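Summary of the model geometry
Okay, here's what each chain looks like letter by letter:
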Amino acid sequence: MDRDASSMPATESAAPVPRDNSVPRDNSVVHGNPVPQDKPVTIDAPATADQPRAIRVWPGLLLAGAFWAFCVGIGQAGLPITTTFMSRAAAGALLTLLFPIWWLTNGTVRWADRLWMLLALVVGAATACVVAQKTLGVFGVLFFGLPVAFAVWAIGLLALRRFSPRHLRAGLILAISLTWGYFMLIRSDGISGDLKTDIRWRWSPRTEDAYLAERARASRAAGSAEGKAAHVGETTAVEPRPGDWPVYRGPQRNGEVRGLEIPTDWNAAPPQLVWKQRIGPAWSSMLVIDGRLFTQEQVGEAEAVACLDAATGRRIWSHEDQARFWDSQSGAGPRATPAFDGGRIYAQGATGILNCLDAATGELKWSRDIIKDSSAPLPMWGFSSTPLVSNGLAIVFTGGQGGKGLLAYRADDGELAWTAPTGSIGYTSPQPVEIGGAALALYLSDAGLTAVEPATGKVAWDYEAPGRGVWRAVQPAVVRADRVLIGSEDLGLVCLDVQRTDDAWSAKKHWASRSMKPGYNDFVIRDGSAYGFDGSIFCCVDLASGKRQWKGGRYGHGQVLLLADQGLLVVSCESGEAVLLEATPEAHRELGRFQAIEGKTWNHPAIAQGCLYLRNDEQIACYRLQAAADAPDADTAP
């Protein structure tokens, strides 16, 4: 006989437990225990592989966001390039350390997914390093790619966090793979002074390719072959004239122009273009002598010394050597500027080839390999020192050990005359000065400032300023007969008192200042003030105290010349603009500007016969500064 169901024990209830997680109010039991009739009960089901879970994202977003905010801020600060680079590198290293630590300790993500994502990052980076175009290299891929990959990772995690773990994992791996794939499809055409990379698709033509094609067409039209010195029969001796630019940084090698007055309202009447054309990559400046312009360039796989007609840009001759130097920041080409003396051109190539050429024809007189002569290693950014021709000797920097930092070759036959010790790293040029009634050549290296007698190579004195491998590229300057000013990113400005008693010399620090920290941007001096670049921002410093008088004008990492007769400064900006300033300690006063050439412009400009010459690694141009009625006679075909 069946028992009444209501009288049966709860454990024997025939009422089935519903398949969903809700329990009905009446006659409900869970694991044999009665459940109050007035409250529903929910049973948590175990998480499955495809079930979304709450993921903690904010630490990754904070790390990536802080890094990029720091990069933007430091880029706007106008700091010296080394400071910018080291700060960016340190921030990148910190991000590379902290982001994986956060990810591996993120308990809101399954452990297997954490490992999968980290593996995808490592495999993608390794593949990109192998496949990437050589202009990026392993360092470039990691330096620029890792911060981008971490940012994509954090943003992707935010966007996909509500998806199932399987879809989240697949989406993030795809996003990171595409990030590394991007770095396999691009190349770098160099880096600005603020570490902004010129990114192009790796298959897009280079400006250098366009120049080579243009030269090939011109060669075919002229019916002559490229690759040799083109002797065109213009054998008239080259002699400097008043108003020429016969040596690096002008007649006194100090960036100063005298005997020239120009209109100053560049906004209303900017300098007039005379000619503009392509040129091969190089960071050389220019000489303008007797109607000819001399510079250096890279022509494919050849380093070239070029002679152009200063009035038209027409090529007169070109001497080429099979050599090519390249680095990821600056690109290809020679770094030094030719030197002129006695009808000859002395040109130092980036790979160590020193040539002596006839200035009229380009004929090779002699050539030396300074690496072989000094046993010096090839510098990181190539040999950049412009020769100093003095006392019948061509003096160049090598950085060789055993007293072979400076080498002097006889100008007539190229035989080695003497050697002198310096530091091992330097990107300045020997600077001729007169101190204490003595003619000296100064050289600033990572060891400090060395003064030698140009005729013998004997070291007169030195000022020790160890730089622990830093590069210094700014020319020393004489402030007065017994005072020398040196500058670099690591030193700032240092003013030295130099004393001579009989044959005994001493050089002691008068003051040091961080008010100006020039990287590779030379300064000029006028009426007790120095004008130059503190990082990428122009400034003025009082030479009596070292205190900054003003700072203003974001011109990138450019160069400056002084028009001494009018108290004007001509600044060539890194962007290719030319700017006219007042040389006054009172305030930063800009008188006008115009876009002169296109592309990154680090080269020193030149002023000769009333014309401004500018160049970079893509273009070279001539602009007339004076009104036509005031300009010297010249053929000025556009």
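Refer to the preceding data block for the structure.
For the structure given in this document, a descriptive report is provided here. Computed from a predicted model, the values in this text were never measured in an experiment.

The next subject is empty space enclosed by the protein. For the structure shown, the criterion picks out four cavities of 30 Å³ or more. Considered as a void within the structure, the largest cavity measures approximately 460 Å³ in volume. Together, 23 residues line the largest cavity, and Trp-283, Arg-335, Ser-384, Ala-473 and Tyr-520 are the ones closest to its centre. Each residue belonging to the lining of the largest cavity can be placed in one class, and the counts come to nine nonpolar, 12 polar and two charged.

As a further point, take the packing of aromatic side chains. Tallied over the full model, the rule gives 31 aromatic pairs. Plain terms: the ring middles of Trp-275 and Tyr-613 are 6.5 Å apart, the flat faces sit at 55° to each other, and that makes the pair tilted. Of the two residues, Trp-275 sits in strand E6 (residues 272–278) while Tyr-613 sits in strand E38 (residues 611–615), which places them 338 residues apart along the sequence. Looking at Tyr-613, the relative accessible area reads 4%, which means it is buried. Here Trp-381 and Trp-471 contribute two aromatic rings whose centre-to-centre distance is 5.7 Å and whose plane-to-plane angle is 70°, an arrangement assigned as edge-to-face. Here Trp-381, found in the loop between helix H7 (370–374) and strand E17 (388–390), pairs with Trp-471, found in the loop between strand E24 (459–464) and strand E25 (477–480); they are 90 residues apart in sequence, far enough to count as distant. Judged by its relative accessible area of 18%, Trp-471 falls in the buried class. An aromatic cluster is defined as three or more aromatic residues linked by ring pairs; in this entry it consists of Trp-283, Trp-381, Tyr-427, Trp-471, Tyr-520 and Trp-602.

Glancing now at helix H2 (residues 81–104). Look at H2: 35 Å from first C-alpha to last across 24 residues, which is about the 34 Å you get at 1.5 Å a residue. Within H2, burial applies to Ile-81, Thr-84, Arg-88, Ala-91, Gly-92, Leu-95, Phe-99, Pro-100, Trp-102 and Trp-103. Buried residues in H2 make contact with helix H1 (58–76), helix H3 (111–131) and helix H4 (137–160).

Moving on to the sheet that holds strand E10 (residues 315–322). Spatially, the four strands line up as an open sheet ordered E7-E8-E9-E10, and their pairing is antiparallel. Taken across any chain shown, the strands that pair with only one partner, and hence form the sheet edges, are strand E7 (287–289) and E10. Ignoring which end each strand starts from, the neighbouring axes of this sheet average 25° apart. When strand E9 (residues 302–309) meets E10, the two strands line up antiparallel, connected through seven bridges. Residue Cys-307 lies in a different strand from E10, and its bridge partner there is Trp-317.

Inspection of every chain in the model, using the stated rule, returns 32 salt bridges. Arg-314 serves as the salt-bridge partner of Asp-309, at 3.8 Å between the closest nitrogen and oxygen. Residue Asp-309 is classed as buried on the basis of its relative accessible area, which comes to 17%. By relative accessible area, Arg-314 is classed as partly exposed at 41%. Connected through salt bridges with shared partners, the residues Arg-206, Glu-208, Asp-209 and Arg-324 form a single ionic network.

With that settled, consider the environment of Val-524. Here Val-524 shows up in strand E29 (residues 524–526). Linking Val-524 and Cys-540, residues 16 residues apart in sequence, is a C-alpha distance of 9.9 Å. When near neighbours in sequence (up to four residues on either side) are disregarded, Val-524 contacts Arg-249, Asn-254, Gly-255, Ser-529, Ala-530, Tyr-531, Val-560, Leu-561, Leu-562 and Leu-569.

On the surface, Tyr-182, Leu-185, Ile-199, Trp-201 and Trp-203 cluster together into a nonpolar patch covering about 530 Å² of accessible area. On the accessibility criterion, Tyr-182 (36% relative accessible area) is partly exposed.

Across the sheet, four strands lie side by side as E21-E22-E23-E24; this open sheet has antiparallel pairing. Looking at strand neighbours, the two that pair on one side only are strand E21 (431–435) and E24, the edges of this open sheet. The mean angle between the axes of side-by-side strands here comes to 30°, regardless of whether they run parallel or antiparallel. Bridge count between strand E22 (residues 438–445) and strand E23 (residues 448–452): five bridges; the pairing is antiparallel. Across the sheet, residue Ala-441 finds its bridge partner in E23, namely Val-452.

Turning next to the nonpolar core. Counting 35 residues, the largest nonpolar core has Leu-121, Trp-153, Leu-157 and Trp-180 as the members making the most contacts within it. Put simply, the parts of the chain that give this core at least two residues each are H1, H2, H3, H4, helix H5 (165–184) and strand E3 (186–191). Top contributing element to this core by residue count: H4, with nine residues. Of all hydrophobic cores here, the second largest spans 34 residues; its members include Ala-310, Ala-606, Cys-611 and Ala-621.

Positive phi, normally seen in glycine, also occurs at Asp-527, with a value near 50°. If you trace the backbone, Asp-527 turns up in the loop between E29 and strand E30 (529–534). You can call Asp-527 exposed: its relative accessible area is 66%. Of note in the backbone geometry, Gln-609 takes a positive phi value of approximately 50° without being a glycine. Considering the arrangement of structural elements, one finds Gln-609 in the loop between strand E37 (606–608) and E38.

Further remarks concern the pairing of strand E39 (residues 619–624). Burial within E39 is extensive, with six of its six residues counted as buried. Neither face of E39 is exposed, since Gln-619, Ala-621 and Tyr-623 on one face and Ile-620, Cys-622 and Arg-624 on the opposite face are all buried. The pairing of E6 with E39 spans six bridges and is classified as antiparallel. The partner of Lys-276 across the bridge, within E39, is Ala-621. The sheet contact formed by E38 and E39 spans five bridges and is antiparallel. Paired with Tyr-613 across the two strands is Cys-622, which belongs to E39.

Definitions and limits used
- Residues numbered from 1 in each chain as written.
- Predicted model: local features only at pLDDT ≥ 70, side-chain atom pairs only at ≥ 80, totals over all residues.
- Heavy atoms only, no water.
- 1 Å grid on protein atoms, 1.4 Å probe; cavity = no way out; pocket = protein on both sides within 12 Å on 5 of 7 lines; lining within 4 Å.
- Points joined across faces, edges and corners; volume = space filled by probe spheres on them.
- Nonpolar A, V, L, I, M, F, W, Y, C, P; charged D, E, K, R; others polar.
- Phe/Tyr/Trp six-rings, centres within 6.5 Å; stacked < 30°, edge-to-face > 60°.
- Helix = DSSP H or I, 4+ residues; strand = E, 2+ residues; numbered from the N terminus.
- Buried < 20%, exposed > 50% of the residue type's maximum accessible area, 1.4 Å probe, protein only.
- Expected span 1.5 Å × (residues − 1).
- Contact = heavy atoms within 4.5 Å.
- Pairing = 2+ DSSP bridges.
- Axes fitted to C-alpha atoms, helices over the stretch in contact; angles between N-to-C directions.
- Salt bridge = Lys/Arg side-chain N within 4 Å of Asp/Glu carboxyl O.
- Patch = residues over 30% accessible without salt bridge, like charges linked within 9 Å, V, L, I, M, F, W, Y side chains within 5 Å.
- Areas by Shrake-Rupley, 256 points an atom, 1.4 Å probe, with all protein chains shown as cover.
- Core = buried A, V, L, I, M, F, W, Y, C linked by side-chain atoms within 4.5 Å.

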